[in-house]
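A structural walkthrough
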Protein chains: 2
Amino acid sequence: MSAPALDVIAIGNAIVDVMSPCDDALIAQLGLNRGGMTLIDTDRARELYAAMGPAREISGGSAANTLAGLAALGARCAFIGQVADDQLGEVFAHDIRASGIAFHTPARPGDPPTARCLIFVTPDGQRTMNTYLGASQFLPAAALDEAAIASAAVLYLEGYLWDPEEPRAAMRRAIAAARGAGRKVAFTLSDSFVIDRHGADFNALIERGEIDILFANEHELAALTGKADFHEGIAMLAAKVPALVVTRSEKGAFAVAAGEQAEVAAEPVARVVDTTGAGDLFAAGFLFGHVRGRPLAECLKLGAICAGEIISHFGARAETDLAELVRNQLA
Amino acid sequence: MSAPALDVIAIGNAIVDVMSPCDDALIAQLGLNRGGMTLIDTDRARELYAAMGPAREISGGSAANTLAGLAALGARCAFIGQVADDQLGEVFAHDIRASGIAFHTPARPGDPPTARCLIFVTPDGQRTMNTYLGASQFLPAAALDEAAIASAAVLYLEGYLWDPEEPRAAMRRAIAAARGAGRKVAFTLSDSFVIDRHGADFNALIERGEIDILFANEHELAALTGKADFHEGIAMLAAKVPALVVTRSEKGAFAVAAGEQAEVAAEPVARVVDTTGAGDLFAAGFLFGHVRGRPLAECLKLGAICAGEIISHFGARAETDLAELVRNQLA
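Definitions and limits used
- Once a new chain begins, its residue numbering starts again from 1 and follows that chain's sequence as written.
- Working convention: letters from A go to chains and numbers from 1 go to ligands, in the order in which they are written.
- It should be noted that, the model being predicted, local features are given only for residues of pLDDT at least 70 and side-chain atom pairs only at 80 or more, the latter also being counted only at that level, while totals for whole chains, interfaces and linings use all residues.
- When the copies are superposed, the least-squares fit takes in the C-alpha atoms of residues with a pLDDT of at least 70 in both.
- We call two residues in contact whenever the C-beta atoms placed from their backbones are within 7 Å.
- Secondary structure elements are defined from DSSP: runs of H or I of at least 4 residues count as helices, runs of E of at least 2 residues count as strands, and each element is numbered from the N terminus.
- Each residue is assigned to one of three groups, with Ala, Val, Leu, Ile, Met, Phe, Trp, Tyr, Cys and Pro labelled nonpolar, Asp, Glu, Lys and Arg labelled charged, and all others, Gly among them, labelled polar.
- The rule for pairing is simple: two strands pair if DSSP sees at least two bridges between them.
- Note on method: axes are straight lines fitted to C-alpha atoms, helices fitted across the in-contact stretch only, with angles between N-to-C directions ranging 0 to 180 degrees.
- Should the near helix be turned anticlockwise from the far one by less than a right angle, the crossing is termed left-handed; should it be turned clockwise, right-handed.
- pLDDT measures the predictor's confidence residue by residue and takes values from 0 up to 100.
- Residues with at least 20 other C-beta atoms within 10 Å of their own are called buried, those with 12 or fewer are called exposed, and the rest are partly exposed. The C-beta atoms themselves are positioned from the backbone.

Right, let's talk about the relation of the copies chain B and chain A for a bit. Once turned by 180° and shifted 0.0 Å along the axis, chain B lies on chain A with an RMSD of 0.0 Å. The relationship between the two copies is best expressed as a two-fold rotation axis. Taking C-alpha positions as reference, the residue of chain B nearest the rotation axis is Glu57 of chain B, located at 2.5 Å. Interface overlap between copies is the fraction of interface residues in one copy that are interface residues in the other; for chain B against chain A it reaches 100%, indicating a shared surface.

Below, the discussion takes up the interface of chain B and chain A. Chain B puts 20 residues into the contact, and the matching count from chain A is 20 residues. For the side of chain B that touches chain A, the elements supplying multiple residues, two or more each, are strand E4 (56-59) and helix H4 (87-98) of chain B. If one sorts the elements of the side of chain B that touches chain A by residue count, H4 of chain B sits on top with six residues. Per-class residue counts for the side of chain B that touches chain A are nine nonpolar, six polar and five charged. Strand direction decides the pairing type here: strand E4 (residues 56-59) of chain A and E4 of chain B, joined by three bridges, are antiparallel. Across the sheet, Glu57 of chain A pairs through a bridge with Glu57 of chain B, a residue of E4 of chain B.

Within the open sheet, the 10 strands sit side by side as E3(A)-E8(A)-E7(A)-E2(A)-E4(A)-E4(B)-E2(B)-E7(B)-E8(B)-E3(B). Their pairing is mixed. In this open sheet, the two strands that pair with only one neighbour each are strand E3 (37-39) of chain A together with strand E3 (37-39) of chain B. Neighbouring strand axes in the sheet, compared pairwise and without regard to direction, differ in orientation by 25° on average. In this sheet, strand E8 (residues 127-132) of chain A lies alongside E3 of chain A in parallel orientation, the contact comprising three bridges. When the sheet's bridge partners are listed, Met37 of chain A is paired in E8 of chain A with Met129 of chain A. Packing of H4 of chain B onto the sheet brings it into contact with E4 of chain A together with strand E2 (15-21), E4 and strand E7 (115-121) of chain B, and relative to E4 of chain B it is tilted by some 50°.

Residues and elements named next belong to chain A. Here helix H8 (residues 218-225) crosses helix H9 (residues 230-238) at 65°, and the two axes come no closer than 9 Å. Classified by chirality, the crossing of H9 by H8 is left-handed. Residues Glu218, Leu221, Ala222 and Thr225 of H8 form the contact with H9, whose participating residues are Phe230, Gly233, Met236 and Leu237.

Here chain A averages 96 in pLDDT, and 99% of its residues register 70 or above. For this predicted complex, the interface score ipTM comes out at 0.93, while the overall pTM is 0.95.

A few words now on the pairing of E8 of chain A. Residues and elements named next belong to chain A. The buried fraction of E8 amounts to six of the six residues, a majority that puts the element mostly inside the structure. Of the strand pairs in this sheet, strand E7 (residues 115-121) and E8 are connected by six bridges, and their pairing is antiparallel. Bridge assignment links Phe120 to a residue of E8, and that residue is Thr128.

Moving on to the sheet that holds strand E1 (residues 6-11) of chain B. Residues and elements named next belong to chain B. Pairing is mixed across the open sheet formed by nine strands, whose spatial order is E6-E5-E1-E9-E10-E11-E12-E13-E14. Only two strands of the sheet have a single neighbouring strand rather than two, namely strand E6 (102-103) and strand E14 (260-264). Its contacts with the sheet place helix H6 (residues 165-180) against E1, strand E9 (152-158) and strand E10 (184-188), and it is angled at close to 160° to E9.

Glancing now at the environment of Ala200 of chain A. All names here are of chain A. One can find Ala200 in helix H7 (residues 192-207). A count of 9 C-beta atoms within 10 Å places Ala200 in the exposed class. As for Ala200 and Leu224, which are separated by 24 residues in sequence, their C-alpha atoms are 8.5 Å apart.

Bringing the packing of helix H10 (residues 278-291) of chain A against helix H11 (residues 296-310) of chain A into the picture now. Residues and elements named next belong to chain A. Viewed as axis vectors pointing N to C, H10 and H11 meet at an angle of 145°, and their least axial separation amounts to 7 Å. Crossing angle aside, the handedness with which H10 passes H11 is right-handed. Contact residues: H10 offers Ala278, Leu281, Phe282, Ala283, Ala284, Gly285, Phe286, Phe288, Gly289 and His290, while H11 offers Glu298, Cys299, Leu300, Leu302, Gly303, Ala304, Ile305, Cys306, Ala307, Glu309 and Ile310. Looking at side-chain class alone, the contact of H10 with H11 contains 15 nonpolar, four polar and two charged residues.

A word on unusual backbone geometry. Note the cis peptide between Asp111 of chain A and Pro112 of chain A, where omega equals -10°. Turning to its location among the elements, Pro112 of chain A is positioned in the loop between strand E6 (102-103) and E7. Positioned with a positive phi, Ala258 of chain A is a non-glycine residue whose angle comes to about 50°. Secondary-structure assignment places Ala258 of chain A in the loop between strand E13 (253-257) and strand E14 (260-264). Among the residues examined, Ala258 of chain A registers 7 C-beta atoms within 10 Å and is labelled exposed. One non-glycine residue with positive phi stands out, namely Ser249 of chain B, at about 50°. By secondary structure assignment, the location of Ser249 of chain B is in the loop between strand E12 (243-247) and strand E13 (253-257). By C-beta crowding, Ser249 of chain B is classed as partly exposed, having 17 other C-beta atoms within 10 Å.

Structure, rendered in structure tokens:
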């Protein structure tokens, strides 16, 4: 096995976030799933967009956000995801490449358009996401660059993309390619509703030992294990994955790896503006520490610092220099 | 003459801002006109976008920004401008309508695409704008709703749009419609390079008494009058326009109307993040005071408050409730 040419390669939704502040009354009036991620069709997307206030567009996508954080920290990264051949697809491709991430998945001609996520942000900073998957759901297994996957220390996959059939098949093939090359597979559970739909698949992957690093928040941990008690859930999963990382919002995060446990407090933030991307950037910091061989507690700390940056402003892509931000931590 | 149904109707570029922070070295390397607005063609737009870092998209356009501010303050507004029938056109149309502004100009099918402005923001908060006019330059005079123009207390025009031929013709016709209905015409000079190209036209409009309210910054004042001395420039123009408003960045703003003079200091801002839209939002505050019949000094103060809000964050559309922000001022 040769030294990895890439630190992390990820497969995820290639999506542009359409973000707008809103009040709680609008969330109720539109019947939105507050704080969660709901898949929406064309008609619902039109309805929600019409009801949304003036918005701004910022590239998003869970795994893509994580890579943008990793690249900002100095990791070598590549992304695989499906955009359409349209203006939002150009925006997504520009932003990810401008972040220093290799991205070669060809744009898909014709309908449907590039994916977008309509995000309503309430005054408490909570984000309510409504995802129109568009082209993203047609990522074909043929788009995988298996040589690139084999050359990356870590293959990172987002659970959100387990819903549509083609990307699910692509991700299964990617897992085989990574494992065949002796690389690690990291997986984020993404959302408890995704677990409602695909928990059996996720548990099967874990039972077969195909996941090396598992990211979850405490709700997802409970949904996957069926254990309402946090520590029971941890105990159940930690036995099955080499590294388990569980984020707990303002309560910080917890990890178990190779029998060792570690915990970190949430970073203090002057004002929580928008929590979009908090988990994604936590994963970025953690994985950066991991690929650099740092101790478990330090990986958690890096995750907390990156998550703290992202929730202090609108959008899931960093606004400050993450490498500078974590420099003291890594000194 | 009936009471106006609208406070302000504006004609301007229908444009989406593509904004990214950058360092001064990139400005030099790309040969950009620091702090100014440069018109660019398709090839240059592609070149600059490729060199730009990860960006965010926020609806812009000088007059459209002014209307968004006016609407947020509580004014009744309508916008006339040309988008293409594409995704960025949808974004622009959504954002302006979601701001409560009437917008009925039909999207233009086919090429060119919707206008965009590639904005490089340096660490001092200065914005360097590179405008691809796209569909915006094909606003036909036929798109004017002359009844709407006749029903608005003020017709507001942006100098930027004087460059392309069709909108220039449309604006001339709009001026005639407004004046024919006994309404006021407000004009913003936009940029000193625009004055280099069209100063003779602007001076002719002024000499003919077709401009009731003229907005300029001090560079534009000097370019239009040929007077390097601020007070000489003011004296020369004030004799020809019923209201003259000159903004001076951190030195505040100055106005002369009906023989009366007034001045305002710039609002204190914790950190100047991005000056994009400062003049546009100053005009919004001033015009709001004007259509509400407030004293000249108060109109200036409203302008300064709105400009202060816009330079404290990225983008030229307000992030805080402007009506709330100026409430004490209007109490």
